[in-house]
Amino acid sequence: EEDLVREVLSLCSPGDRVLEYGGGCGTLSIALAEKGCRVTHLDLGGPLLDFAAWRFRRRGFKVRIHPLDEKAADLCGPYDTLVSIYVLEHLFDPEGAMRAMRRALAPGGKMIIAVDFEESPVKNEPLPLHLCRMNRARYHELALELGLAHRESRGPLDIFES
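These numbers were taken from a predicted model, which means no experiment stands behind them.

Asks: Before we go on, may I ask you to explain the overall build of the protein chain in this structure?
Replies: Across its full length, the protein chain carries five helices and seven strands. Each helix and strand of the protein chain, ordered N terminal to C terminal, gives the series α-β-α-β-α-β-β-α-β-α-β-β. Counting only residues that meet the buried cut, the protein chain has 47% of its 162 residues in that class. Within the protein chain, residue pairs in contact and separated by at least 24 positions form 60% of the contacts whose partners lie at least 6 positions apart.

Asks: Mind showing me how you'd approach the packing of helix 1 (residues 2-10) against helix 2 (residues 27-35) here?
Replies: Each pair of packed helices gets described by two things: the angle between the helix axes and the distance between those axes. Orientation of helix 1 relative to helix 2, taken along the N-to-C sense of each, is 35°, at an axis distance of 10 Å. Both helix 1 and helix 2 take part in a crossing whose hand is right-handed. Touching V5, V8, L9 and S10 of helix 1 are L28, A31, L32 and K35, all from helix 2. Its residues placed into classes, the contact of helix 1 with helix 2 shows six nonpolar, one polar and one charged.

Asks: What am I meant to see in the pairing of strand 6 (residues 149-154) here?
Replies: The two faces of the sheet receive side chains in turn, since in a regular strand these alternate between them. Examined bridge by bridge, strand 6 and strand 7 (residues 157-161) share five bridges and lie antiparallel to one another. By the bridge assignment, E152 is partnered in strand 7 with I159. Counted between consecutive antiparallel strands, the loop separating strand 6 from strand 7 contains two residues, among which G155 sits at a positive phi close to 60°.

Asks: Help me understand the sheet that holds strand 3 (residues 64-68), please; the structure alone is not making it clear to me.
Replies: Strand pairs in the sheet, formed through backbone hydrogen bonds, run parallel or antiparallel to each other. Strands sit in the order 3-2-1-4-5-7-6 across an open sheet of seven strands; the sheet is mixed. Of all the strands in the sheet, just strand 3 and strand 6 have a single pairing partner and so form its edges. With direction set aside, neighbouring strand axes in the sheet form an average angle of 20°. Bridge count between strand 5 (residues 105-114) and strand 7: four bridges; the pairing is antiparallel. Paired with K110 across the two strands is E161, which belongs to strand 7. Relative to the sheet, helix 3 (residues 47-59) contacts strand 2 (38-44) and strand 3, its axis offset from that of strand 2 by approximately 160°. Where helix 5 (residues 136-145) meets the sheet, it contacts strand 5, strand 6 and strand 7, and its direction lies at approximately 20° from that of strand 7.

About the criteria used
- Residues numbered from 1 in each chain as written.
- Predicted model: local features only at pLDDT ≥ 70, side-chain atom pairs only at ≥ 80, totals over all residues.
- Heavy atoms only, no water.
- Helix = DSSP H or I, 4+ residues; strand = E, 2+ residues; numbered from the N terminus.
- Buried < 20%, exposed > 50% of the residue type's maximum accessible area, 1.4 Å probe, protein only.
- Contact = heavy atoms within 4.5 Å.
- Axes fitted to C-alpha atoms, helices over the stretch in contact; angles between N-to-C directions.
- Left-handed = near helix turned anticlockwise from the far one by under 90°.
- Nonpolar A, V, L, I, M, F, W, Y, C, P; charged D, E, K, R; others polar.
- Pairing = 2+ DSSP bridges.

All quantities given are derived from atomic positions and should not be read as evidence of function.
Right under this line is the structure:
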């Protein structure tokens, strides 16, 4: 995880408007805020999001909290960078999530995504907690449909630009 954080940080600059989509307990959002990015942290409402908010307050960071709910189709952009690390495979509608992220991306912005498309050991059964049936080919096809150019991959991270 430290390597992923380091890679994401190397792709962001102080002052960048960054949305972490599915940020969990806030570890990456904290690192981005420490770097001087203007961070919005999105995740499901509840104890985990509350814990992340507490971590930001405790450190004095003004990270915007955005609970993911039925209104989250509007991600309140624009953002210079959107980051989603191992989240899309856990969503019922990963394509809708990618479309929402694209709408929130500023012109010339980038999306940094890591997705686990590991196949299930049981034929035709999703992995536990992997809710979608998206595969790597569809993922890249959708990125093209959304006008995103695949700039590079760094390990599990795909970097797309608008």
